[in-house]
Amino acid sequence: MKIFVVGGAGYIGSVCAELLLNEGHEVAIFDNLSEGHRQAVDSRANFIQGELADRRQIDSAISSSRPDAVMHFAANALVGESMQNPSKYFRNNICNGLNLLDAMVSAGVERIVFSSTCAIFGPPDRVPIDETAPARPINPYGESKLAFENILRWYDEIHGVKFVCLRYFNAAGASGRFGEDHHPETHLIPAVLQAALGKRPNVEIYGTDYDTPDGTCIRDYIHILDLARAHILALGAAGSGRYNLGTGGGSSVRGVIESCRKITNRKIDAIEKPRRPGDPPRLIASSDKIKRELGWEPEFQSLDAIVESAWKWHQKFPRGYEN
Ligand code: UDP
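Peer 1: Any chance you could explain the overall build of the chain here in plain terms?
Peer 2: Helix and strand content of the chain: 10 helices and 14 strands. Summarising its shape, the C-alpha atoms of the chain cover approximately 55 × 45 × 40 Å along the three principal directions. Scored against the burial criterion, the 323 residues of the chain give a buried share of 55%. Restricting the contact set of the chain to residue pairs at least 6 apart, pairs at least 24 apart contribute 78%. Just so you have it, the chain exposes about 13400 Å², and 48% of that area is on carbon and sulfur atoms.

Peer 1: Honestly, the nonpolar core in this entry has me stumped. Any pointers?
Peer 2: Considering soluble globular proteins, one finds that nonpolar side chains tend to be buried as a cluster. One finds Ile-12, Leu-20, Val-27, Ile-29, Leu-166, Leu-245 and Ile-290 to be the most contacted residues of the largest nonpolar core, which totals 43 residues. Of all the elements in the fold, those that place two or more residues in this core are β1 (2-6), α1 (11-22), β2 (26-31), β4 (69-72), β6 (162-168), α7 (224-235), β11 (241-245) and α9 (288-294). Dropping the residues within four chain positions of it, Ile-12 is found in contact with Phe-73, Tyr-168, Ala-171, Ile-224 and Leu-227. Formed by 26 residues, the second largest nonpolar core is a distinct cluster that contains Val-70, Ala-107, Val-161 and Cys-165.

Peer 1: Which parts of the structure should I look at to understand the site of the ligand?
Peer 2: By nearness alone, 14 residues border the ligand, and Leu-188, Glu-204, Arg-219, Arg-276 and Asp-279 come closest of all. In the model, an oxygen atom of the ligand is placed 2.8 Å from a nitrogen or oxygen of the Leu-188 main chain. Within the side chain of Asp-279, a nitrogen or oxygen atom sits 2.5 Å from an oxygen atom of the ligand. Within the complex, 91% of the 510 Å² of free accessible area of the ligand lies under protein. Taken together, the residues that form the shell around the ligand break down as seven nonpolar, three polar and four charged.

Peer 1: So what exactly am I meant to see when it comes to the sheet that holds strand β14 (residues 282-283) here?
Peer 2: Backbone hydrogen bonds hold the strands of a sheet together, and the pairing may be parallel or antiparallel. In spatial order, the strands read β12-β9-β14; together these three strands make up an open sheet with mixed pairing. Two strands lie at the open edges of the sheet, namely β12 (251-252) and β14, each paired on one side alone. With two bridges connecting them, strand β9 (residues 218-219) and β14 associate as parallel partners. What sits directly across from Ile-218, in β14, is Arg-282.

Peer 1: Help me understand the pairing of β1 in this model?
Peer 2: For a regular strand, side-chain orientation follows a simple rule: the groups alternate between the two sheet faces. For β1, a buried count of four out of five residues is recorded, marking the element as mostly surrounded by other parts of the structure. Pairing between β1 and β2: five bridges, direction parallel. Looking at β2, one finds that Val-6 is bridged to Phe-30. For the handedness criterion, the β-α-β arrangement of β1, α1 and β2 is classed as right-handed. Of the pairings in the sheet, the one linking β1 to β4 comprises four bridges and is parallel in character. Each residue of the ladder has a partner; that of Val-5, found in β4, is Met-71.

Peer 1: When you look at the pattern of salt bridges in this model, what are you seeing that I'm missing?
Peer 2: Two side chains of opposite charge can pair, provided their charged atoms sit close to one another. In total, this model carries 22 salt bridges according to the counting rule given. Note that Glu-149 is salt-bridged to Arg-242, the shortest N-O span being 3.4 Å. Placement of the pair is Glu-149 in helix α5 (residues 140-159) and Arg-242 in strand β11, with a sequence separation of 93 residues. Exposure remark for Glu-149: the relative accessible area of 2% places this residue in the buried category. The exposure class assigned to Arg-242 is partly exposed, which follows from its relative accessible area of 25%. One salt-bridge network, held together by shared partners, links Asp-42, Arg-44 and Arg-177.

Peer 1: How do you make sense of the sheet that holds β2 when you look at a structure like this?
Peer 2: An order of β3-β2-β1-β4-β5-β6-β11 is seen for the seven strands of this open sheet, with the pairing classed as parallel. Lying at the two open borders of the sheet, with one neighbouring strand each, are β3 (46-49) and β11. Between one strand and the next, the sheet's axes are offset by a mean angle of 20°, whatever the strand orientation. Here three bridges tie β4 to strand β5 (residues 111-117), and the two strands are oriented parallel to one another. Looking at the pairing, Val-70 lines up with Ile-112 of β5.

Peer 1: Would you mind going over the environment of Gln-84 with me for this structure?
Peer 2: Mapped onto the fold, Gln-84 is located in helix α3 (residues 79-84). According to the relative accessible area criterion, Gln-84 is exposed, its value standing at 71%. Sequence spacing of Gln-84 and Arg-55 is 29 residues, and the spatial spacing of their C-alpha atoms is 27 Å.

Peer 1: So what exactly am I meant to see when it comes to the state of the cysteines here?
Peer 2: Put plainly, two cysteines are in a disulfide when a covalent bond ties their sulfur atoms together. Taken as a whole and assessed by the stated rule, the structure comprises zero disulfides. Residue Cys-165 stays outside any disulfide, its sulfur separated by 14 Å from that of Cys-118, the closest cysteine. The class for Cys-165 is buried, based on a relative accessible area of 0%. Between Cys-217, a cysteine without a disulfide, and Cys-118, which holds the nearest cysteine sulfur, the sulfur-to-sulfur distance is 11 Å. What makes Cys-217 buried here is its relative accessible area of 6%.

What counts and what doesn't
- Residues numbered from 1 in each chain as written.
- Predicted model: local features only at pLDDT ≥ 70, side-chain atom pairs only at ≥ 80, totals over all residues.
- Heavy atoms only, no water.
- Helix = DSSP H or I, 4+ residues; strand = E, 2+ residues; numbered from the N terminus.
- Buried < 20%, exposed > 50% of the residue type's maximum accessible area, 1.4 Å probe, protein only.
- Contact = heavy atoms within 4.5 Å.
- Areas by Shrake-Rupley, 256 points an atom, 1.4 Å probe, with all protein chains shown as cover.
- Core = buried A, V, L, I, M, F, W, Y, C linked by side-chain atoms within 4.5 Å.
- Near = heavy atom within 4 Å.
- Polar contact = N/O pair within 3.5 Å; in protein donor to acceptor, adjacent residues only side chain to side chain.
- Nonpolar A, V, L, I, M, F, W, Y, C, P; charged D, E, K, R; others polar.
- Pairing = 2+ DSSP bridges.
- Right-handed = clockwise from strand over helix to strand, strands pointing away.
- Salt bridge = Lys/Arg side-chain N within 4 Å of Asp/Glu carboxyl O.
- Axes fitted to C-alpha atoms, helices over the stretch in contact; angles between N-to-C directions.
- Disulfide = S-S within 2.5 Å.

Any functional reading would require information beyond the geometric quantities listed.
Now the structure itself:
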C-alpha cells in the first residue's frame, strides 16, 4: 500500500514508517520538523517538509501523493505543557488535524490511522481500562485527542472516511535505528537514561503521595515496535474502530528508575518533587479488543526489555539526533 505518514519524523512516526518500509509499503512522510528530526526520516521514504497549519500545503502533498491511507502522528503530546498552554494543543491537535481530514476528503483518501492516547480517559474508575470506560480527560492534551476522535466519527458518517484510533498508553523503547529524542526531554524513561548518561544531574519524581503501593504514578509502558505493529494491523481493519493499546502491566515511577539502574548498571540519583498537574495516578490498558479483532499481541512484555532497547539506542546516540 501507499501510506502517507504525517509526523513521520517524530518518535513514534519514524518507527512506524521504518516498519511499513520493511514490509514493502511505499511511504511518504509529511513533517514540519518542529518536534521531529530530519535524521529520523527513513531514507527509503519520500520526505515532504510542510506545515499542517497551511491547508494549501497539506492539500498539495496529499493530492500529489494519492495514498491509500494516512497515518496521523503529528501532534503536541505533553500533558504538563498542555496545562500551561491549552491553545497550542487545541490549535495544533484539532484545527491543524482538520486540514488533514479536509485534504483527505478532497483527494478521496478514505482511511486514517490516528494516534490517540490514554489521556482521553482521565482517572479511571477501574483498571485495566477498556474501550467502554468513560472518557473524562483531565488535561487539554487528552481533551484535544478526544475531540479529534469525535470529529473522525462524523467524517466517517458524512464523508465515508474509515478511521482506527489507537489509544497509546506510554510508548517507550527504540528500534535499532530510531528512538526517543525530545527537546526538552520530559518523558520518564529517556529522562532517567539521560541521568544514567550524566546528561542531567538527577531524575525528578513528580509526586510521592499518590494512592499507589509506592506513592508514585503507575503507567503501562508499551514497546514502540509493538505499537508500530498495531498500526500495520490497523490498516487491514474491516471498518472504523477505537482500540486501547498497552501491555496490561503497570510500572510505578520508582519501579522505572529501579529498572533503569539495573539495566544500565549506573548510579542514578532521584529527588522527590511535588505532583505534576494533570497526571492521573494509575493508567493501565486492557488491550483485549485489539487482540481479539485485529490479532495484535505484544512481543515485549517486561519493562526491563523495553528499558534495555531504549538504553541501547541512547548509548549508540548519546546526543540523540544532533550531529
Ligand atoms: N515523571 C516523573 N519524572 C519525570 C518525568 C515523568 O516523575 O522526569 C512521571 C510523570 O509524572 C508520570 C510518569 O512519570 O507520572 C510518566 O510520565 P511521562 O511524561 O513519561 O508520560 P505521560 O504519562 O505523561 O504521558
